[in-house]
Amino acid sequence: MENYIKAATEQFKAVLEEQIERQQRMENDSGAIDYKKLEKIIIGICYGDGIGPIISKESKRLLEFILKDEIANGKVELRVIEGLTIENRMAKNKAIPDDVLAEIKACNVILKAPTTTLKGGTLESANVAMRRELDLYANVRPVCVPELGIDWTFYRENTEGEYVLGSRGIEIPETLAMDFKVTTNAGTKRICRAAFEFAKANGKTNVAIVTKANIMKKTDGKFSQIAHEIAKEYPEITAEEWYIDIMTANLVNENIRSNFQVFVMPNLYGDIITDEAAQIQGGVGTAGSANIGDKYAMFEPIHGTAPRLIEAGRGDYANPTSMFKATEMMLRHIGFIEKANTLSEALNICTETEKKIVVDDSQNSATCSQFGDYLMETIKKL
Ligand code: IPM
Ligand code: MG
């Protein structure tokens, strides 16, 4: 037992020093990249696992269509990144193999298909690793259901909390296991600032700060306190404090849910509650997600690799909607606002109002690429 305690103490020391160093690095960060100033924007498309290659090839086709001129005149380049597969990651025993990470870092923005995340073991999630490696601190997830009066934008902290150290816990066999959760000042400031800036820029009047600060007194306590300090700089916006458990109930409470506009919260709560919110919108297959940092940004669907669909031999029937939503968010982020608006309008026609071609769980479902064709035909008509 003494040896376990010694090893665990050393591990904790290393983790602590590393996190102090990270927080200091963040303090010195120097602002966000301006895509307009780039001569060329390089978009990397990571194919991923399961249905990933199927839906991302469809997004690639969509981008080639929407950005035809920009690609032709060299303003935009699309690069396919194939190595982010569970097989390659396991073979190299790295969440993101070095050569793949180098390819990713050579791009400006990434469109990423779902990747397999293993339960247990030591191989870290590719998502979590990418968010950390590219310092993508704001996970932005919009959920919109106009007929229910719902127009929510979630700002989930993306580089801290339980996640960043989730593969670095301590285990004493047959005795106990312990994971670490970290909340830093600089990390909290930047996510809260991003949420309030978004609220201000989009005329929102309400930001819900969601924690469990009554229980996680140090980490969530810090998050809550810093969020309120930042809120003081935005007197036109009401900052409300909520605990995550009741907020989970609020989202299904028809009497109050349409009052919420912007949410800001630590990583794990954001992970859980955004799946709930996406379900209200029609399922996790309908939601896209932006992972934004100062130097890079990555856009992805919020669902997984759908192994059951692949096992059933029905991969071609994967629904690309959330990948298309991620594509829309990416276009918007890199400055193609009009193109993003057109894509959004066409997506709405194809999935809400017209619905001539539908991808669903039924035997009559259209294929992923039939839906892609339908969307592009719809864009042409706009
Ligand atoms: C998400 C996913 C990921 C997460 C997994 C795949 C690691 O659930 O993006 O919400 O938990 O962040
Ligand atoms: Mg999730």
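To start, this report covers the structure provided alongside it. Bear in mind that the values here come from a model prediction, so they are computed numbers and not experimental data.

Calculation notes
Numbering of residues begins from 1 in every chain and follows the order in which that chain's sequence is written. The lettering of chains begins at A and the numbering of ligands begins at 1, in the order of writing. Whole-chain, interface and lining totals are the exception, using all residues; otherwise, since this is a predicted model, local features are given only for residues with pLDDT of at least 70 and side-chain atom pairs are given and counted only at 80 or more. Working from all heavy atoms in the structure, the side-chain values ignore hydrogens and water. Secondary structure elements are defined from DSSP: runs of H or I of at least 4 residues count as helices, runs of E of at least 2 residues count as strands, and each element is numbered from the N terminus. Accessible area is worked out with a 1.4 Å probe on protein chains only. A residue is then buried under 20% of its type maximum, exposed over 50%, and partly exposed in between. Whether two residues are in contact is decided by their heavy atoms, any of which lying within 4.5 Å being enough. Lines are fitted to the C-alpha atoms to define the axes, a helix being fitted only along its stretch in contact, and any angle between axes, read from their N-to-C directions, falls within 0 to 180 degrees. Angle categories are assigned with fixed cut-offs, so that under 35 degrees is roughly parallel, over 145 is roughly antiparallel, 65 to 115 is roughly perpendicular, and the rest are oblique. In this scheme, a crossing is called left-handed if the near helix is turned counterclockwise away from the far one by less than a right angle; it is called right-handed if the turn is clockwise. All residues other than Ala, Val, Leu, Ile, Met, Phe, Trp, Tyr, Cys, Pro, Asp, Glu, Lys and Arg, Gly among them, are scored as polar; the first ten of these are nonpolar and the last four charged. Salt bridges are defined as contacts in which a side-chain nitrogen from Lys or Arg sits within 4 Å of a carboxyl oxygen from Asp or Glu. By this definition, two strands are paired if DSSP reports at least two bridges between them. One heavy atom suffices: a residue is near a molecule or strand as soon as one of its heavy atoms comes within 4 Å of it. The definition of a polar contact used here is a pair of N or O atoms within 3.5 Å, where within protein one atom must be able to donate a hydrogen and the other to accept one, and adjacent residues in sequence count solely through side-chain atom pairs. What sets the accessible areas is the Shrake-Rupley method with a 1.4 Å probe; for residues, cover comes only from the shown protein chains. A helix is expected to span 1.5 Å for every residue after the first. Here, patches come from residues exposed beyond 30% relative accessible area and free of salt bridges, joined within 9 Å for like charges and within 5 Å for nonpolar side chains (Val, Leu, Ile, Met, Phe, Trp, Tyr). Aromatic pairing here means that ring centres of Phe, Tyr or Trp (its six-membered ring) are within 6.5 Å. Orientation follows from the plane angle: under 30 degrees is stacked, over 60 is edge-to-face, and everything else is tilted. As a reminder, the over-ring test applies to NZ of lysine and CZ of arginine, requiring each to be within 6 Å of the ring centre and within 35 degrees of the ring normal.

Relative to the helices and strands, Ile357 is located in the loop between helix H13 (337-353) and helix H14 (368-381). Among the residues examined, Ile357 registers a relative accessible area of 27% and is labelled partly exposed. Each C-alpha atom of the pair Ile357 and Tyr374 lies 6.9 Å from the other, and the pair is 17 residues apart in sequence. What Ile357 contacts, discounting residues up to four positions off in sequence, is Cys350, Ala366, Gln370, Phe371 and Tyr374.

Interhelical geometry of helix H2 (residues 52-66) versus helix H12 (residues 321-333) gives an angle of 40 degrees and a closest axis separation of 9 Å. By the angle between their axes, H2 is oblique relative to H12. Regarding H2 and H12, the two cross each other, and that crossing is right-handed. In this structure, H2 uses Ile55, Ser56, Glu58, Ser59, Leu62, Leu63 and Ile66 to contact H12, whose residues at the interface are Met323, Phe324, Thr327, Met330 and Leu331. When its residues are assigned to classes, the contact of H2 with H12 shows 8 nonpolar, 3 polar and 1 charged.

So, about the pattern of salt bridges. Within this structure, the stated rule accounts for 28 salt bridges. Of the charged contacts in the structure, one is a salt bridge between Lys112 and Glu300, with a shortest N-O distance of 3.2 Å. Of the two residues, Lys112 is situated in strand S3 (residues 109-112) and Glu300 in strand S12 (residues 297-301); the sequence distance between them amounts to 188 residues. Two residues, Asp245 and Lys212, come together in a salt bridge whose shortest N-O distance is 2.7 Å. Within this pair, whereas Asp245 is found in helix H9 (residues 244-250), its partner Lys212 is found in the loop between strand S8 (206-211) and helix H8 (219-231), the two being separated by 33 residues in sequence. Residue classification places Asp245 among the partly exposed positions, given a relative accessible area of 46%. Salt bridges linked by common partners bring Asp29, Asp135 and Arg190 together as one network.

We now examine the sheet that holds strand S9 (residues 238-243). Pairing between the strands of a sheet comes from backbone hydrogen bonds, and it takes one of two forms, parallel or antiparallel. Strand order in the open sheet formed by 10 strands is S2-S1-S3-S12-S11-S4-S5-S10-S8-S9, with mixed pairing between adjacent strands. The two strands at the open ends of the sheet, each matched to only one other strand, are strand S2 (76-81) and S9. Here the average twist between neighbouring strands, direction ignored, is 20 degrees. Summarising the sheet, strand S5 (residues 150-157) and strand S10 (residues 262-265) pair through 4 bridges and their orientation is parallel. Bridging across to S10, Arg156 finds its partner in Met265. Sheet strands in contact with H2 are strand S1 (41-46), S2, S3 and S12, and its direction is about 155 degrees off that of S1. On top of the sheet, helix H7 (residues 185-201) reaches strand S4 (138-145), S5, S8, S9 and S10; it is set at about 160 degrees to S5, its chief contact.

Turning to the site of ligand 1, a few remarks are in order. By nearness alone, every residue bordering ligand 1 is listed as Thr117, Ser125, Asn127, Arg131, Arg141, Arg156, Tyr163 and Asp271. One of the side-chain nitrogen or oxygen atoms of Tyr163 is found 3.1 Å away from an oxygen atom of ligand 1. Here an oxygen atom of ligand 1 and a side-chain polar atom of Asp271 are 2.8 Å apart. Burial of ligand 1 by the protein chains amounts to 79% of its free accessible area of 320 Å². Residues belonging to the shell around ligand 1 are distributed by class as follows: 1 nonpolar, 3 polar and 4 charged.

What follows deals with helix H10 (residues 267-281). In an α-helix there are 3.6 residues to a turn, and that puts residues three or four apart on one side. End to end, H10 covers 21 Å across 15 residues, agreeing with the expected 21 Å (1.5 Å per residue, within 8%). Taken together, the buried positions of H10 are Asn267, Tyr269, Gly270, Ile273, Thr274, Glu276, Ala277, Ala278, Ile280 and Gln281. A positive phi of about 135 degrees marks Gly282, the residue just after H10.

Looking now at a nonpolar patch on the surface. A contiguous nonpolar patch, built from Met1, Tyr4 and Ile5 and spanning about 310 Å² of accessible area, is present on the exposed surface. Positionally, Ile5 belongs in helix H1 (residues 2-27). What makes Ile5 partly exposed here is its relative accessible area of 41%.

Turning next to the packing of aromatic side chains. Any two aromatic rings considered together are summarised by their centre-to-centre distance and by the angle between their planes. This structure, assessed with the given rule, holds 10 aromatic pairs. With a centroid separation of 6.0 Å and 80 degrees between ring planes, the pair formed by Trp152 and Phe154 is classed as edge-to-face. Assessed through its relative accessible area of 0%, Phe154 is described here as buried. Where Phe371 meets Tyr374, the ring centres are 6.1 Å apart and the plane angle is 75 degrees; that geometry is what we call edge-to-face. Of this pair, Phe371 and Tyr374 are both found in helix H14, 3 residues apart, which corresponds to roughly one turn of the helix. Of the two residues, Phe371 and Tyr374, neither departs from the other in class, the shared state being buried. Within the aromatic cluster, the residues linked to one another by ring pairs are Trp152, Phe154, Trp242, Phe260 and Phe263. One Lys or Arg, Arg314, reaches over the ring of Tyr317 and ends 4.2 Å from the middle of that ring.

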